[in-house]
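Residues per chain, in single letters:
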Amino acid sequence: MTSSHLFLVQTLAVAQRLLLEQWRQKRGLIFWAVFPSTMMLLFGLVYAHNVSMRAGLDAAAAGILVGAALFFSCLGGTVAVIAAERERGTLPRLLTTPLHPAAYFLGVVIAQLLLALMQVVMLYSIALLIGAKYQGSLVLGGLILLLSVFSYVGMGFFLGARFARRSEEVVVALSAIGVPLLVLGGTFFPLEIMPEGMQAVAQINPMLHMNQAFKGVAAYGMGFHELRFELTFLLAFCGLSLALGIQSYRHLLGGNKSQ
Amino acid sequence: MTTALQMDDVHKWFGSHHVLDGFSLRVEKGDVVGLLGPNGCGKSTVLKIVCKLLDLDAGQVRLMGEPLSELGYHARALVGLCTQHCALYPDLLPGENLHFFARLYGLYDRERQQRVDELMSSFALEQFATTRVSQLSGGWQQRLHLAVSLIHRPKLLVLDEPTAAVDLEARMDLWRFIESLRDSGTTILLTSHHLAEAERLCSRVALMRNGKVVAEGSVPELLARIPGQAVAKVESEDNEAIVQRSIDLGWTVRHGAGQMRLLLPRDLSLLEIIDALKGIKVSAVSVQPVTLEDAYLELVGDSPWMVEPSNLV
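The structure displayed is predicted, hence computed values, not measured ones. (Residues numbered from 1 in each chain as written. Chains lettered and ligands numbered in written order. Predicted model: local features only at pLDDT ≥ 70, side-chain atom pairs only at ≥ 80, totals over all residues.)

**Q** Go over the domain arrangement of chain B, please, and point to the residues and values.
**A** Residues and elements named next belong to chain B. By domain assignment, chain B separates into domain 1 (3-217) and domain 2 (230-312). One C-alpha centre belongs to domain 1, the other to domain 2; they are set 37 Å apart. Tallying the contact residues gives eleven residues for domain 1 and seven residues for domain 2. For the side of domain 1 that touches domain 2, a count of residues per class yields eight nonpolar, one polar and two charged. (Domains from an automatic or database assignment. Contact = placed C-beta atoms within 7 Å. Nonpolar A, V, L, I, M, F, W, Y, C, P; charged D, E, K, R; others polar.)

**Q** Any details on the sheet that holds strand β10 (residues 212-217) of chain B? Residues and values, ideally.
**A** Residue and element names in this part refer to chain B. The six strands are arranged β6-β7-β8-β3-β9-β10 in an open sheet whose pairing can be described as mixed. With one partner strand each, in any of the chains shown, β6 (79-83) and β10 form the two edges of the open sheet. Ignoring which end each strand starts from, the neighbouring axes of this sheet average 20° apart. (Pairing = 2+ DSSP bridges. Helix = DSSP H or I, 4+ residues; strand = E, 2+ residues; numbered from the N terminus. Axes fitted to C-alpha atoms, helices over the stretch in contact; angles between N-to-C directions.)

**Q** I'd like a description of the environment of Cys238 of chain A, backed by residues and values.
**A** Residues and elements named next belong to chain A. Within the element layout of this structure, Cys238 appears in helix α10 (residues 228-258). Along the primary structure Cys238 and Leu147 are separated by 91 residues, whereas in three dimensions their C-alpha atoms are 6.1 Å apart. The contact partners of Cys238, leaving out residues within four places of it in the chain, are Leu147, Phe150 and Ser151.

**Q** Account for the packing of helix α1 (residues 3-24) of chain A against helix α4 (residues 94-104) of chain B, naming residues and giving values.
**A** Running from N to C, α1 of chain A and α4 of chain B cross one another at 155°; their axes reach a closest spacing of 8 Å. Relative to α4 of chain B, the element α1 of chain A is oriented roughly antiparallel. The hand of the α1 of chain A/α4 of chain B crossing is left-handed. Contacts from Val9, Gln10, Ala13, Arg17 and Leu20 of chain A of α1 of chain A reach α4 of chain B at Glu96, Phe100, Arg103 and Leu104 of chain B. Tallied by class, residues from the contact of α1 of chain A with α4 of chain B come to five nonpolar, one polar and three charged. (Parallel < 35°, antiparallel > 145°, perpendicular 65-115°, else oblique. Left-handed = near helix turned anticlockwise from the far one by under 90°.)

**Q** Describe the interface of chain A and chain B, naming the residues involved and giving the relevant values.
**A** Listed by partner, the interface residues are 22 residues for chain A and 21 residues for chain B. No other element matches α1 of chain A, which puts eight residues into the side of chain A that touches chain B. Of the residues belonging to the side of chain A that touches chain B, the class tally is nine nonpolar, seven polar and six charged.

What follows is the structure, encoded as structure tokens:
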């Protein structure tokens, strides 16, 4: 087996294992689906009920997808994967195999990407059922989704490798970081109604730019040119978060080697 | 080339703590070498270095004749590790765990399936083929753990206290598996706190203290280094008299944990011992041939057993 073939086999083995574990954790899977769906329904029904806000329904789907669904499943899921590997002692076991660190990283990305796609289909099916419309380019939407997933997984590796020692810490850490980011990311309230100071702080929140980019494509049919600022920001953030994630993962592996 | 593992003058520091202080060991192909020593003497550090989980600070390690540092990822395919903590995926089935690790080692589809079937059968895991690992008992989990560490047919199997976390029945089972591996020529390096385990399984034993090997050899060789062929354990209120009588008889006395151990130059019967201690109030006495436990206490020498008679009386 050539090294590139082995790399591919290892990557797919990691991705398949993670998806299988997710599938077996039925209760977790139910909450994984119920949480964003409920949010989508609640937001959607509020918007749909208010004729003057009906246009907001299209936008709500993007915010919930980026904030409530992808954040908790891709970022939270990655942190949970690292914490679980540590807790179960499987991390040192993996280190005794020829598993390439990048294959592990990519395996996690692929698993999270597939889960994210399922959430997109699930949420947009609900959104379309209650009257929302997807207006823009599917390719551009896919690109934003890809950048968001890579960013979240990178951040997940960073937080998981550096901070989350136990599974119980994951929930607390995610709530402490995630909920303020959701608020500042325009998931619950539009940016315009926030105080100026908050608006300024929100500009450095990547979730805001994911939200605005997705909203721009999905709700308003915007193209590459109109979303160039958001896309540039996301690309830069994706690069930064992947660099941080990979560096933290290396630190985690190196840390194991010096203890 | 018959040497599977050779470690020469290996040093490892954790901060200012010198964990391995010139550790040297040679494991020949087909050998089962037991690494014994008190907690914190560096046994696990040795295994972690062999498995490339830790880098050494000085010295040299050769695996299958090649320097470990030059083997890179390839070294990981040569070694299989099984620890006392069952590091498996609890939501997966036994076969799924085996398949996952087989893929990490790059086993092809047909070869992988054959190997998984072979291990499921050898370890009698087929009956639990549809049971998640989390629902298996500790003993069965450890069986699977051992099977996983063999999935890639390692040249060297490293067992870190493999039976420490299982009950007696499961321990006996695992011993039988390890014996069958030994008999099939698998090279094994194991650590254990069960001296009986090492005595039963190992062809050679290395006794460690303070990060280095203090004695090494086959079990009979180590037993030959004890100044006695049998050991009598005596409980008495008059230890001073026991010590004096033993010295008069040419027996070696060791004392610790409220018990006297008399190392006898030949295998005496219980009656002969009682007769020899006539006139001294003895509450309990037993005698048995020397075991690895006696060699350990004698040669590792870091225990309260080693109080000399002069300190005692």
